[in-house]
Amino acid sequence: MELTLFLVLLVITISLAFDFTNGFHDAANAIATSVSTRALTPRAALTLAAVMNFAGALMGTAVAKTIGQGIIDVAPFTDSADNQLKLHGLAIILAALAGAITWNLITWWLGLPSSSSHALIGGLVGAGLASATPVQWWGVTTHVIIPMFASPLIGFVLAFILMKFTLALVKSLPYHRTMRRFRYAQTVSAALMALGHGLQDAQKTMGIIVMALLAGGYGHTHNILVNGELQIPLWVKLAAATAITAGTYSGGWRIMRTLGRKVIELDPAHGFIAETVSAGVLYSAAYVFHAPISTTHTITSAIMGVGATKRLSAVRWGVAGNIVTAWFLTLPAAAFVSFILYMVLHMFLP
């Protein structure tokens, strides 16, 4: 029992560490456009993003429930009387986290805005396959694969259309005065984007923590399952919100440069539209479809969408291509790492 409790605490600690890396890895998603257009200073933008991340993390639990119940089935480990079974359940979650964190750190070091969400989901799938735990492929397809392709496409198309419409509205207005107003408006759109990031990404950590509590046999202790419905304890919400907020405030300068300047040079109008569209897609995915989509994919595609309204050559498609490659690599790469890590952990378990 002591080893089970130790592993539960270890998984919770590493989950919060993942949440922290998610914060500094994805901080650029919310603020890169505002910083690159000089609507906000880097430190002011980080502060705004951190505060809104915390608020967004407490705004719902639908995404957390999808992660906790919709990717792999931990039912065989839930409140099992077999302590060995609990240990294997916790090893699955531990391997999934390690795979996601490893991929996060690699892409952060390379300055590539890959998806922390897909790294985590890939980690769960890889560890599930390694342990012969049932993977809920329908849930992975509907909540991960389809949104993985749909959200960037929707972000690109909506940003392109809305940018064209906005440019038509303001074409006769004085340029500098109009850009100054858009710069002020970007404070709001950056806040909305950061709120959506907290709403989406902090909940994924909450889902992992409740999975660990269930697998370790502590579901009843924390009233996690009520009539078969997953519940997220308040302390889990607050812990995840605090971790992602701290990570965001620590900054993500490498990826910020990629999003803010290397994909396209943005002005305040283009930055405002990209952030507004991205926030709308994030909220819709969370509240309507309960899908854990990637904030990285969404904002990057929206930036490319607004950039394409200038001219197609305005978007640096070589950099965009590298980013898209990282997107496609994330799920299998994180799955592969977690698969190997589970096999290693399995050798040391009783």
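The protein has the name Inorganic phosphate transporter in an unreviewed UniProt entry, where Gleimia hominis is given as its organism.

Got a minute to help me understand the UniProt feature "transmembrane region" (unreviewed entry) in the protein in this structure?
Taking the numbering used here, the UniProt-annotated feature "transmembrane region" (unreviewed entry) corresponds to residues 90-112, 119-138, 144-170 and 319-345. Between the first and last C-alpha atoms of residues 119-138 the distance is 18 Å; the span itself is 70% helix and 0% strand. Taken end to end, residues 144-170 comprises 100% helix and 0% strand; its first and last C-alpha atoms sit 38 Å apart.

When you look at the layout of surface pockets in this model, what are you seeing that I'm missing?
In this approach the atoms are scanned with a rolling probe the size of a water molecule, which exposes any empty space left behind. Estimates place the volume of the largest pocket at around 220 Å³. Looking at the lining of the largest pocket, the elements with two or more residues in it are helix H6 (137-170) and helix H10 (268-289). A per-element tally of the lining of the largest pocket places H6 first, with eight residues.

Sorry, what's going on with the nonpolar core here?
Side chains of nonpolar character tend, in soluble globular proteins, to be buried together. In this structure, Ile71, Ile72, Leu124, Met206 and Ile208 are the most contacted members of the largest nonpolar core, which totals 57 residues. Sorting the residues of this core by element identifies helix H1 (2-36), helix H3 (62-69), helix H4 (83-110), helix H5 (116-130), H6, helix H7 (175-215), helix H8 (234-250) and helix H12 (317-348) as the ones contributing at least two each. At twelve residues, the largest contribution of residues to this core is made by H4. If near-sequence neighbours (up to four positions away) are discounted, Met206 is found in contact with Ala57, Ala64, Ile232, Val236, Lys237 and Ala240. Of all hydrophobic cores here, the second largest spans 20 residues; its members include Met193, Val281, Leu282 and Ile303.

Just to check I follow, could you spell out H5 for this structure?
Side chains of residues three or four places apart in an α-helix project in the same direction, reflecting 3.6 residues per turn. If you check H5, its first and last C-alpha atoms are 21 Å apart, about what 15 residues at 1.5 Å a residue would give, namely 21 Å. Summarising burial for H5: 14 of the 15 residues are buried, a large majority. A positive backbone phi angle near 60° is found at Ala132, which sits one or two residues after H5.

Definitions and limits used
- Residues numbered from 1 in each chain as written.
- Predicted model: local features only at pLDDT ≥ 70, side-chain atom pairs only at ≥ 80, totals over all residues.
- Heavy atoms only, no water.
- UniProt positions renumbered as here; feature names shortened; annotations may be inferred.
- Helix = DSSP H or I, 4+ residues; strand = E, 2+ residues; numbered from the N terminus.
- 1 Å grid on protein atoms, 1.4 Å probe; cavity = no way out; pocket = protein on both sides within 12 Å on 5 of 7 lines; lining within 4 Å.
- Points joined across faces, edges and corners; volume = space filled by probe spheres on them.
- Core = buried A, V, L, I, M, F, W, Y, C linked by side-chain atoms within 4.5 Å.
- Buried < 20%, exposed > 50% of the residue type's maximum accessible area, 1.4 Å probe, protein only.
- Contact = heavy atoms within 4.5 Å.
- Expected span 1.5 Å × (residues − 1).

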